[in-house]
Amino acid sequence: MIGKHAVVKKLILHLALLIGVAVSMFPFYWLTVMATSTTSDIYKFPPKVTFGTELMTNIQNVLANIDFFGSFVNTVFVSTASTLLTLFFCSLAGFSFAKFDFPGKKVLFVLLLATMMIPGQLSLVPSFIIMQKLGWVGTYKSLIIPGMASAFGIFWMRQYAQGSIHDDLINAGRIDGCNHFRLFWNVALPILRPALAFLGIFTFIGSWNDYLWPLIILNNPEKYTLQITLSQLNGIYNTDYAMVMAGTLMATLPLIVMFLLVSRQFISDIAAGAIKD
Amino acid sequence: MSNLELATGRGRKQTGKYGSLWREIYRNKVIYLFISPFYILFAIFGLFPILFSFYLAFQKWDGIGEMQFVGLDQFRYLITDTVFWKAIWNTLEIWIYSTIPMLFFALVIAFLLNSAFLRYRNLYRIAYFLPNVTSIVAVAIIFGTLFGNTYGFLNFILTSFGLEPIEWLNSRFWLKIAIASMIVWRWTGYNAIIYLAGLQSIPTVLYEAARIDGASTVQTFFRITIPLLRPVILFTVITSTIGGMQIFTEPQILVGNGGGPNAEGMTIVLYLYQQAFTKNLFGYGSAVAWGLFVVIAVFSFINWKIVQRPES
Amino acid sequence: MTRKIFFSWALIFCLLVTVVGCGGQQAADTGGSGGGGDAGSGGEKITLTLWYWNRSIDDNLLKEVNKQFPNINLKAEKIGGDFKAKLTTSLAAGSGAPDIVGLNDWVAEFFPNKDQFVNLFEYGADKELKSQYLEWKWNQAVTPDGNYMIALPMDTGPTALFYREDLFREAGLPTEPEEVSAQIKTWEDYFEAGQKLQSALADKKVFMFDNINTVFTQATHQNDKIYFDNSDNFIGDQEHIKQAWDRAVKVHQLGLSAKIGGWTPEWNAAMNNGKVASFIGAVWMKQILMEAAPDTKGKWRIARAPGGDGNNGGSFIGITKQSKHPKEAYEVIKWLMSPEHQLNSLVTMNLFPSTPSVFSDSKVVQAEEFFGNQKMNEIFMKSAENVKPAYRGPKFSIANSAFQDELTNIEKQNKDPEKAWNDALNKIKKELTR
């Protein structure tokens, strides 16, 4: 009896969870249905809910109308550069805050935390004007440089460094004659690797999906990132909706694949980050 | 008397104190160098723009011609600008419609995922997290087809159950629901994962004790789970508040720069973008930004009060 | 240890290269946007960039430019979203704007910033080209003082009534273009036909109009004045606008509108699925209709627009001051917009010429398959003859968007039309003060 009860309970549990999964997954399914259909089929009412056979045609149309690979390469470049620079500057500063004492440390750190509360959109207009004065409008510098030492990243690296790097190690390194940078590079970085992995993926995804700022700052179609290209595709060619959907699928897939490859570690890191706060 | 002592002693003492302070600072110069990039970048791309936007808010400028000082005109206009106020309320409404279901479902999912001996937990976690990896632009394009007034998938479902179709993108209320649903879809899994980690850090002894006392599942949930999860819940509320104030992409792709019929989907950031970058009212855009700043400050203050309360 | 130090420096070096790298790239690009830097003067290839929007220029014609001008490499880029906003932002940025740019019927909004564009009079446009173009169209790109021309005319947008012949037949309405033109002559006739059609086809849920914004736009464009007089005084609160407004409201009150906004996938779907039986549109709507509603091939016809002929849309092409090669750019736009190429674009893209010399060409009037082999351009030609050019001025879109937004409120949220009218006027008056 008890065994049967437990089985029923388990079934209900899985059923409930699967309903949630279905809701999570449905938009992806729907996207794929549309991307494999013709535009007329998408407009049918009642709609067609099974996969079609037009995927290749739609993809060819995307490639014929927009420079998909160009914006793909642009996005990879911007995201990678942002990620590498963020990792470097954030771990360096986070490690310094965690492991060294210096005058003004507390004030500086509180200041850093306080900046996290200021929404970046607030300074959209003047930031644009600054980029204009620097001659950075339309360049990737304006996307990469302002965010490369993020408050969140420094905070995150500091939290991790505080818990994981023992003072003994630092002292031992000092005795070996390491200077500050070598302490960071040789002693701290290897230990910080899990935190770097999380921050790296987090930054990469954020940069990949960034929309508002690139929308304002990139004015040359050759430099568009995928999100801008995608919104352009949606805006320019809405009479060929199947193609828009194929483009959406193509722009979404790479990140999903990348995420699936690293998902396990990343998800537990996110959770750990929130709990530490 | 002590005042006098201080007054006479101040000069000498301070040179000594500050002298050693300077030495200390000098000794740590490399550390300051290490942490400096953030402060330098913040000064250039964070602080300066904010101050500059204050200056701009007193100007009339289309970004091309000459700036023209207009005093408080922009703020005067702002106060009587119905769309600006509407954008604030819309943003708050969308924030409420999205945050409440999102956090509720996240809790439920986390609770289910935390059940003992659940198999495939990792698969579930990945499936629930996947929406968060998808770009908002893509999400908005896909959801646009679900919410179509005439040919949308959801109206197909409604009509096939014999219900009246809903004009999602026209209605004051349903448009906000449509926008909120994208946020819910994208962020529920993320919050569930965070809650799950919080749940896993609650010692199982507590649950066992409750069971021995004869507490039901619902009772355990409200008496043990929720109180112990409080800090994590606060974290998610704060992050979703910050996120909620910045909603832009969802309405922009779904209903365009104007925010849809009667600007029902107009959010603060979308309004800022529209005024500054599509109408080229840079001065007014800056005034809107300052309006936004005040709203967020008030909001953060309330948030902070809520966080403070239980500790006293 | 030394190896590690080496790697650390190598990494820092890489980071620096990344940063500086974007810098170098940018420097090269600023040159590029102006057209290959100074290389052009040395007789080498120069690069010109051109921004246009979908269906505004024939893609194949753009490809021909490189053959016609061996020393020019034309990079034509389709810009979507808010084209005008993207252009203004690039002008404000001081860099990144194209050499050549398409300008829509909002060309006059750039008059206050005319010095962002090359004055085409400096290249002799008035002496060399003026006689080739329709005078009213030409004048739209010239500042009111008559001294500065910021763009050359591209196409014009004579309007007509697009209607579904099969649905009209089913509803017992006239079906032949001549009959339709003769019997649905006024807006009142049009409303009446709408009521008849919708009651006859009630089970099909077909609507006569797509949305009331179309009604308002077309009704306003049948006049010789719109929102502003020639000295930019607001006249949008006068009878001619109120009348157009009342017509739009009437369509709403009679329930004749499908309430589907233009430029949306829903509109495309409605057209393809036969939900809308007619609309008044400019000649370039042919192209959109053919792309949006392929399943309705052969079922559409056109007739003269009820309420009178008008002009809606039609574009211009100019050169920005950011261009390093304005002279070459001028040669290119002159070539692109020559009467011969305009004629060609009418055939390939349904872009109606602004050069009247080609109107008599036999290529203009052809049977068109999508429209049941009707000789479409016969009607558009007649419409074009009767266009009453209306002044738009730099503040047109302030007034227009206020009226259009309020009409949307009426249609989609059942706002009281009286209140909507007053709200629109108040909003315009408020916005005009800043």
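Not measured: the values here are computed from a predicted model.

1. Considerations on the overall build of chain B
Here is step 1 of the chain: When helices and strands are counted, chain B shows 13 helices and two strands.
Here is step 2 of the chain: Computed over the C-alpha atoms, the radius of gyration of chain B is 26 Å, more than 25% above the 20 Å expected from 2.2 N^0.38 for a compact globule of 312 residues.
Here is step 3 of the chain: For chain B, the spread of C-alpha atoms along the three principal axes comes to 85 × 65 × 40 Å.
Here is step 4 of the chain: Looking at the 312 residues of chain B, the share that counts as buried comes to 42%.

2. Remarks on the overall build of chain A
Here is step 1 of the chain: Looking only at helices and strands, one finds 13 helices and zero strands in chain A.
Here is step 2 of the chain: Along chain A, helices (α) and strands (β) appear in the sequence α-α-α-α-α-α-α-α-α-α-α-α-α when read from the amino end.
Here is step 3 of the chain: For chain A, whose C-alpha radius of gyration is 24 Å, the value lies well above the compact-globule estimate of 19 Å for 277 residues.
Here is step 4 of the chain: Counting only C-alpha atoms, chain A reaches 75 × 75 × 35 Å along its principal axes.
Here is step 5 of the chain: Considering only contacts in chain A between residues 6 or more positions apart, those separated by 24 or more positions represent 75%.

3. Points about the nonpolar core
Here is step 1 of the chain: Counting residues in hydrophobic clusters, the biggest one holds 284 residues, and the most contacted among them are Ala93, Ile154 and Met157 of chain A, Ile193 and Leu272 of chain B together with Ile317 and Ile333 of chain C.
Here is step 2 of the chain: Residues in contact with Ile317 of chain C, not counting those within four places in the same chain, are Ile100, Gly102, Leu103, Ala151, Leu152, Met154, Ile333, Leu336 and Met337 of chain C.

4. With respect to the interface of chain B and chain A
Often the size quoted for an interface is simply the accessible area lost on bringing the parts together.
Here is step 1 of the chain: At the junction of the two partners, chain B supplies 75 residues and chain A supplies 68 residues.
Here is step 2 of the chain: Tallied by class, residues from the side of chain B that touches chain A come to 57 nonpolar, 16 polar and two charged.

5. Structural notes on the sheet that holds strand β3 (residues 100-103) of chain C
Residue and element names in this part refer to chain C.
Here is step 1 of the chain: Strands sit in the order β2-β1-β3-β9-β4 across an open sheet of five strands; the sheet is mixed. Of all strands in the sheet, those bounded by a partner on one side alone are β2 (72-78) and β4 (151-153). The average undirected angle you get between the axes of adjacent strands in this sheet is 25°.
Here is step 2 of the chain: Note: β4 against strand β9 (residues 316-319), three bridges, orientation antiparallel. The residue bridging Leu152 from the neighbouring strand is Ile317, located in β9.

6. Things to note about the environment of Thr203 of chain A
Residue and element names in this part refer to chain A.
Here is step 1 of the chain: Here Thr203 lies in helix α10 (residues 180-209).
Here is step 2 of the chain: Taking the C-beta count within 10 Å as the criterion, Thr203 has 24 such neighbours and is therefore assigned buried.
Here is step 3 of the chain: Along the primary structure Thr203 and Gly147 are separated by 56 residues, whereas in three dimensions their C-alpha atoms are 9.8 Å apart.
Here is step 4 of the chain: The contacts of Thr203, once residues within four sequence positions are left out, are Ser82, Thr83 and Thr86.

7. Details of unusual backbone geometry
Residues and elements named next belong to chain C.
Here is step 1 of the chain: For Arg55, which is not a glycine, the phi torsion comes out positive at approximately 70°.
Here is step 2 of the chain: Mapped onto the fold, Arg55 is located in the loop between β1 (46-52) and α2 (59-68).
Here is step 3 of the chain: You can call Arg55 partly exposed: it has 17 C-beta atoms within 10 Å.
Here is step 4 of the chain: You will see that Lys205, though not glycine, has its phi angle at about 55°, which is positive.
Here is step 5 of the chain: For Lys205, the location among the structural elements is in the loop between α8 (187-200) and α9 (212-220).
Here is step 6 of the chain: Classification of Lys205 as exposed rests on a count of 10 C-beta atoms within 10 Å.

8. Description of the sheet that holds strand β6 (residues 159-164) of chain C
Residues and elements named next belong to chain C.
Here is step 1 of the chain: The antiparallel open sheet is built from three strands, whose spatial order is β7-β6-β8. The strands lining the two open edges of the sheet, one partner per strand, are β7 (278-282) and β8 (300-303). Taken over all neighbouring pairs, the strand axes of this sheet differ in orientation by 35° on average, direction set aside.
Here is step 2 of the chain: With five bridges connecting them, β6 and β7 associate as antiparallel partners.

9. Here's the deal with the packing of helix α6 (residues 124-134) of chain A against helix α2 (residues 29-56) of chain B
Here is step 1 of the chain: Across the interface, α6 of chain A lies against α2 of chain B with an axial gap of 8 Å and an inter-helix angle of 110°. In this view, α6 of chain A runs roughly perpendicular relative to α2 of chain B, as classed from their interaxial angle. On the side of α6 of chain A, the interface is formed by Val125, Pro126, Ser127 and Ile130 of chain A, while α2 of chain B contributes Phe45, Pro49, Phe52, Ser53 and Leu56 of chain B.

10. Considerations on the confidence of the model for chain B
Residue and element names in this part refer to chain B.
Here is step 1 of the chain: When pLDDT is averaged along chain B, the result is 88; 93% of the residues meet or exceed 70.
Here is step 2 of the chain: In this model, residues 1-13 is a region of pLDDT below 50 whose contacts with residues beyond four sequence positions or in other chains number zero contacts.
Here is step 3 of the chain: As a predicted assembly, this complex carries a pTM of 0.90 together with an ipTM value of 0.91.

11. Describing the pairing of β9 of chain C
All names here are of chain C.
Here is step 1 of the chain: Residues Phe316 and Gly318 line one face of β9 and the alternating positions Ile317 and Ile319 line the opposite face, and both faces are buried.
Here is step 2 of the chain: In terms of strand pairing, β3 meets β9 through four bridges, oriented antiparallel. Within the sheet, the bridge partner assigned to Ile100 lies in β9 and is Ile319.

12. Details of the pairing of β3 of chain C
Residues and elements named next belong to chain C.
Here is step 1 of the chain: Residues of β3 alternate between two faces, with Ile100 and Gly102 on one and Val101 and Leu103 on the opposite face, all of them buried.
Here is step 2 of the chain: As judged from the two bridges shared by β1 and β3, these two strands associate in the parallel manner. Across the sheet, the residue bridging to Leu50 is Ile100, located in β3.

13. A few points about the environment of Gly244 of chain B
Residue and element names in this part refer to chain B.
Here is step 1 of the chain: Of note, Gly244 is situated in helix α10 (residues 217-245).
Here is step 2 of the chain: Sequence separation between Gly244 and Thr99 is 145 residues; the distance between their C-alpha atoms is 8.2 Å.
Here is step 3 of the chain: Every residue in contact with Gly244, bar those within four places of it in the chain, is listed here: Trp95, Ser98 and Thr99.

14. Description of the environment of Lys275 of chain C
All names here are of chain C.
Here is step 1 of the chain: Structurally, Lys275 can be placed in the loop between α11 (265-272) and β7.
Here is step 2 of the chain: What makes Lys275 buried here is the crowd of 20 C-beta atoms within 10 Å.
Here is step 3 of the chain: In sequence terms Lys275 and Lys327 are 52 residues apart; their C-alpha atoms lie 50 Å from each other.
Here is step 4 of the chain: Not counting the four nearest positions on each side in its chain, Lys275 is found in contact with Lys205, Val206, Phe207, Ala258 and Ala270.

What counts, and at which threshold
Residues numbered from 1 in each chain as written. Chains lettered and ligands numbered in written order. Predicted model: local features only at pLDDT ≥ 70, side-chain atom pairs only at ≥ 80, totals over all residues. Helix = DSSP H or I, 4+ residues; strand = E, 2+ residues; numbered from the N terminus. Rg over C-alpha atoms; globule rule 2.2 N^0.38 Å. Buried ≥ 20, exposed ≤ 12 C-beta atoms within 10 Å, placed from the backbone. Contact = placed C-beta atoms within 7 Å. Core = buried A, V, L, I, M, F, W, Y, C linked by C-beta atoms within 7 Å. Nonpolar A, V, L, I, M, F, W, Y, C, P; charged D, E, K, R; others polar. Pairing = 2+ DSSP bridges. Axes fitted to C-alpha atoms, helices over the stretch in contact; angles between N-to-C directions. Parallel < 35°, antiparallel > 145°, perpendicular 65-115°, else oblique. pLDDT = per-residue confidence, 0-100.

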